[in-house]
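So the chains spell out like this:
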Amino acid sequence: MLGAGNRPPVGFVLNLLERTEGKEMATEYIFTKFFHILIAILALGTSAGLGILLELYGDHPTHGAYVLGAIKRLVTFFVIPGYLLMLATGLWMVHLSWPLKTTWILAALALWGIGLLALTISQWVLTKQLRLFETSGPGSSSYRRTSLLGRVLGAGTGLLVIAILYLMVFKPGT
């Protein structure tokens, strides 16, 4: 549907096409953005699903150790690499179209760094939780404390991701 003056409605992509030297840069931006969003859906969606799985089955007396170990491997080999790839694709999009010193980008990068720290600590907590499950069992007070810490870190990381998402979608201050 055409807008005023028989032009399509002006959106971010059209503005990008007008701002860039040629279509090649805009196409590169769109493909990078596609992969950035795809990686986010896969890595962060997996992370959210693992949190639900952990909550439902992490304390199961028979299968809990297996569930904890599987979650640890998925976070190590899928979620964290995806989180790092999101940084790479995000920085490439910034390189193509935004000044790095833009306020919302700096805020998102700061939150990303805090998120990486939280993911690293969460991974350490998960390793400790698995060890305590195998040595003390899921009913022990030390396991329960560690499990609670993992839940708090997971929830905090989820809130950080939502804050980053807000910054990327609404780009406050621009």
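Look above for the structure.
Quick notes on the rules
Every chain's residues receive numbers from 1 upward, in the order its sequence appears when written. Side-chain atom pairs in this predicted model are given and counted only at pLDDT of 80 or more, local residue features only at pLDDT of at least 70, and totals for whole chains, interfaces and linings cover all residues. To get the side-chain values, take all heavy atoms of the structure and skip hydrogens and water. Segments assigned H or I by DSSP are reported as helices when at least four residues long, segments assigned E as strands when at least two residues long, and all are numbered from the N terminus. A simple rule labels every residue: compare its accessible area, found with a 1.4 Å probe on the protein chains alone, to the largest value its type can have, and call it buried under 20%, exposed over 50%, or partly exposed in between. Any two residues having at least one pair of non-hydrogen atoms within 4.5 Å are treated as being in contact. Using the Shrake-Rupley algorithm and a 1.4 Å probe, accessible areas are obtained, with residue cover drawn only from the displayed protein chains. Two N or O atoms form a polar contact when they lie within 3.5 Å of each other; inside protein one atom must be a possible hydrogen donor and the other a possible acceptor, and for residues adjacent in sequence the pair counts only when both atoms belong to side chains. Here, expected helix span is obtained from the residue count minus one, scaled by 1.5 Å. The criterion for an aromatic pair is that two Phe, Tyr or Trp rings (for Trp, the six-membered ring) have centres within 6.5 Å, with stacked assigned to planes under 30 degrees apart, edge-to-face to planes over 60 apart and tilted to the rest.

**Q** Looking at this structure, how should I read the overall build of the protein?
**A** Within the protein, the secondary structure is distributed over five helices and zero strands. For the protein, the N- to C-terminal ordering of α and β elements is α-α-α-α-α. Burial statistics for the protein: of 174 residues in total, 36% are counted as buried. Across the protein, contacts joining residues at least 24 apart in sequence account for 69% of those joining residues at least 6 apart. Accessible surface for the protein amounts to roughly 10,600 Å². Of this, 72% is attributable to carbon and sulfur atoms.

**Q** What's the story with the side chain of aspartate 59 in this structure? I'm lost.
**A** Mapped onto the secondary structure, aspartate 59 falls in the loop between helix H2 (23-57) and helix H3 (64-97). Within the structure, aspartate 59 has its side chain in polar contact with the side chain of tyrosine 143 (distance 2.7 Å). Apart from the residues lying within four places of it in its own chain, the contact partners of aspartate 59 are Gln129, Phe133, Pro138, Tyr143, Arg144, Ser147 and Arg151.

**Q** Just checking my understanding: could you explain the side chain of serine 97 for this structure?
**A** With respect to the element layout, serine 97 can be found in helix H3. With a relative accessible area of 17%, serine 97 lands in the buried category.

**Q** Looking at this structure, how should I read unusual backbone geometry?
**A** Most of the time, phi is negative for any residue but glycine, and the peptide bond is trans. A positive phi angle is found at lysine 171, which is not glycine, with a value near 45°. As for its placement among the helices and strands, lysine 171 is situated in the segment after helix H5 (141-170).

**Q** What is the right way to look at the environment of serine 142 in this model?
**A** Tracing the chain through its elements places serine 142 in helix H5. Here the alpha-carbon distance between serine 142 and glutamine 129, two residues 13 residues apart in the chain, equals 8.8 Å. In this structure, serine 142 is in contact with Leu132 and Ser136, ignoring residues within four places of it in sequence.

**Q** How do you make sense of H5 when you look at a structure like this?
**A** An α-helical turn contains 3.6 residues, so a residue and the one three or four places further along point in the same direction. With 30 residues, H5 extends 43 Å from end C-alpha to end C-alpha; this agrees with the ideal 44 Å at 1.5 Å per step. Those residues of H5 not exposed but buried are Tyr143, Thr146, Ser147, Gly150, Leu153, Thr157, Leu160, Ile164 and Leu167. Tucked into the core, H5 has its buried residues touching H3 and helix H4 (103-135). One or two positions beyond H5, positive phi appears at lysine 171, with a value near 45°.

**Q** Teacher, can you tell me more about the packing of aromatic side chains here?
**A** Each pair of aromatic rings is reported with the distance of its centres and the angle of its planes. Counted according to the given criterion, the structure contains five aromatic pairs. Aromatic pair tyrosine 83 and tryptophan 112: ring centres 5.0 Å apart, planes at 10°, arrangement stacked. Remark: tryptophan 112 occurs in helix H4 and tyrosine 83 occurs in helix H3; sequence separation between them is 29 residues. Among the residues examined, tyrosine 83 registers a relative accessible area of 3% and is labelled buried. Look at tryptophan 112 and you get buried, because its relative accessible area is 14%.

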